[in-house]
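# An overview of the molecular structure
Given next are the chains, with one letter for each unit.
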Amino acid sequence: MEYLEFEKPIMALNDQLQKCIELGKENGVDVSDTAKQLEKKIETTKKEIYKKLTPWQKVQLSRHPNRPYTLDYIKSFCGDTFLEIHGDRNIADDKAMVGGLGKIGGQSFMIIGTQKGYNTQTRQYRNFGMANPQGYRKALRLMKSAEKFQIPILTLIDTPGAFPGIEAEERGQGEAIARNIYEMMNLRVPIIVTIIGEGASGGALGIGVGDRILMLENTWYSVISPESCSSILWRSWDHKEEMAQQLKLTAQDMKTAQIIDLIVEEPLGGAHYDRKKMFSILEKQVLACFNQIKMIPIVELLKQRRKKYTTIGNFTIQS
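The present account deals with the structure reproduced in this document. Quick caveat, the model's predicted, so the values are computed rather than measured. (Residues numbered from 1 in each chain as written. Predicted model: local features only at pLDDT ≥ 70, side-chain atom pairs only at ≥ 80, totals over all residues. Heavy atoms only, no water.)

### Details of the packing of helix α8 (residues 173-186) against helix α14 (residues 298-310)
Where α8 meets α14, the closest approach of the two axes is 8 Å, and the angle between their N-to-C directions is 140 degrees. Classified by the angle their axes make, α8 and α14 are oblique. Every residue of α14 that contacts α8 at Met184, Met185 and Asn186 is listed here: Leu302, Arg305, Arg306 and Tyr309. Grouping the amino acids of the contact of α8 with α14 by side-chain chemistry returns four nonpolar, one polar and two charged. (Axes fitted to C-alpha atoms, helices over the stretch in contact; angles between N-to-C directions. Helix = DSSP H or I, 4+ residues; strand = E, 2+ residues; numbered from the N terminus. Parallel < 35°, antiparallel > 145°, perpendicular 65-115°, else oblique. Contact = heavy atoms within 4.5 Å. Nonpolar A, V, L, I, M, F, W, Y, C, P; charged D, E, K, R; others polar.)

### Section: the packing of aromatic side chains
On inspection of all chains with the given rule, the structure shows six aromatic pairs. Taken together, a centroid distance of 6.0 Å and an interplanar angle of 55 degrees make the contact between tyrosine 73 and phenylalanine 77 tilted. Taken together, the residues span about one helical turn, with tyrosine 73 and phenylalanine 77 both in helix α4 (residues 70-78) at a distance of four residues. There is no split in this pair, since tyrosine 73 and phenylalanine 77 are both buried. With a centroid separation of 5.4 Å and 70 degrees between ring planes, the pair formed by phenylalanine 109 and phenylalanine 290 is classed as edge-to-face. Taken together, the positions of phenylalanine 109 in strand β3 (residues 107-114) and phenylalanine 290 in helix α13 (residues 275-293) put the pair 181 residues apart, joining distant regions of the chain. Each member of the pair, phenylalanine 109 as well as phenylalanine 290, is classed as buried. Connected via pairs of aromatic rings, a cluster forms that spans Phe6, Tyr50 and Tyr273. (Phe/Tyr/Trp six-rings, centres within 6.5 Å; stacked < 30°, edge-to-face > 60°. Buried < 20%, exposed > 50% of the residue type's maximum accessible area, 1.4 Å probe, protein only.)

### Here's the deal with the pairing of strand β2 (residues 97-104)
Along any regular strand, the residues point their side chains to alternate faces of the sheet. The element β2 is largely enclosed, with a buried count of six among its eight residues. The sheet contact formed by β2 and β3 spans eight bridges and is antiparallel. Each residue of the ladder has a partner; that of glycine 102, found in β3, is phenylalanine 109. Hairpin remark: β2 followed by β3, antiparallel, with two residues in the connecting loop; positive phi at glycine 105, about 60 degrees. (Pairing = 2+ DSSP bridges.)

### Describing helix α10 (residues 226-234)
Residue pairs spaced three or four apart in an α-helix point in one direction, given the helix's 3.6 residues per turn. The set of residues buried in α10 consists of Pro226, Glu227, Cys229 and Ser230. Projection of α10 onto a plane perpendicular to its axis shows the buried side chains occupying an angular sector of 160 degrees, all on one side. Phi turns positive one or two residues past the end of α10, at arginine 235, with a value near 55 degrees. (Arc of directions from axis to C-beta.)

### Here's the deal with the side chain of serine 225
Topologically, serine 225 is positioned in the loop between β7 (220-222) and α10. Residue serine 225 is classed as buried on the basis of its relative accessible area, which comes to 13%. Residues in contact with serine 225, not counting those within four places in the same chain, are Arg63, Trp220 and Leu247.

### Some remarks on the pairing of strand β4 (residues 153-159)
The element β4 is largely enclosed, with a buried count of seven among its seven residues. Where burial is concerned, the two faces of β4 agree: the one with Ile153, Thr155, Ile157 and Thr159 and the one with Leu154, Leu156 and Asp158 are both buried. Of the pairings in the sheet, the one linking β3 to β4 comprises four bridges and is parallel in character. Residue pairing for β4: isoleucine 111 is matched across the bridge by leucine 154. The sheet contact formed by β4 and strand β5 (residues 191-200) spans six bridges and is parallel. By the bridge assignment, leucine 156 is partnered in β5 with threonine 194.

### Some words on the pattern of salt bridges
Pairs can form between side chains of opposite charge once their charged atoms are near each other. In total, this model carries 16 salt bridges according to the counting rule given. Among the salt bridges present, the one from glutamate 227 reaches arginine 63, with a minimum N-O distance of 2.5 Å. Separated by 164 residues along the polypeptide, glutamate 227 in helix α10 and arginine 63 in the loop between α3 (55-62) and α4 bring together distant segments of the chain. Its relative accessible area of 27% is what places arginine 63 among the partly exposed residues. A salt bridge links arginine 275 to aspartate 72; the shortest N-O distance between them is 3.6 Å. Linking arginine 275 in helix α13 with aspartate 72 in helix α4, this pair joins segments that are 203 residues apart in sequence. With relative accessibility at 29%, the residue arginine 275 sits in the partly exposed group. (Salt bridge = Lys/Arg side-chain N within 4 Å of Asp/Glu carboxyl O.)

Here's what the structure looks like:
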């Protein structure tokens with residue numbers, strides 16, 4: 001287990017517990033009482049730390065290297081029923097964007113999401129979760145197929161943003177994302193969007209339009225990352241913690257602003273502390289959301305979807 005800076009007190013207590021158990025085994029001494037006391041102290045410390053996380057600490061948790069990624073959720077939800085579909089039928093198959101058909105609780109879904117890597121090699125292979133235009137065009141191809149066969153759509157977002165390289169701009173990165181936003185507004189099937197990690201900029205919006213928007217408890221959703229915002233304003237990352245506060249990017253901020261519909265609770269310490277529990281919680285929430293919207297006539301569902309996005313924010317019109 002890797003620990004973040006603010007988790008160091010928990011790491012120290014876990015180390016004490018491990019040494020206590022080892023000493024007991026080596027010397028044949030009963031250390032069960034001491035171990036129980038340490039376990040209680042660990043639990044208390046975890047509750048104290050995780051119940052008062054700052055926005056910046058939540059950003060750090062959303063990036064935790066042990067946190068489950070899109071394919072982890074898909075494997076848990078669908079098992080062997082998931083059939084991955086590749087390619088945009090134009091340029092290439094973008095490895096940062098994955099998608100395909102699978103069953104969740106007996107219900108078929110077209111599942112699409114951004115995928116990060118687990119180590120240096122796979123991070124490069126997945127382009128660090130940053131999709132190219134062909135990734136968004138692949139996602140749109142799958143969504144259009146879902147619409148054709150009347151299959152609901154589930155998207156899983158975990159990206160630091162769309163790939164900003166020159167070749168991506170040459171292939172129409174902005175147009176691909178804008179096209180997806182436009183088309184998702186009009187898709188005649190239910191769409192559930194879930195932010196499972198980072199939800200940054202147009203990279204998230206390209207698969208982020210839906211009838212229900214869910215955010216895991218320790219994730220963030222914003223037009224820009226705190227580091228990039230600090231870099232633009234001060235030409236330095238030194239103000240990233242302040243920017244995380246000012247950007248109002250946490251799940252709680254998004255719920256207050258009525259940008260998302262539901263905050264999905266994570267196990268104490270984050271999704272990576274108890275993956276099975278996290279998978280189970282999210283699966284139940286996805287199916288509950290689908291059951292809420294599946295009976296709504298599609299014409300009414302489209303009206304609600306459009307109203308949802310056109311009423312975000314405050315503005316005035318001057319004559």
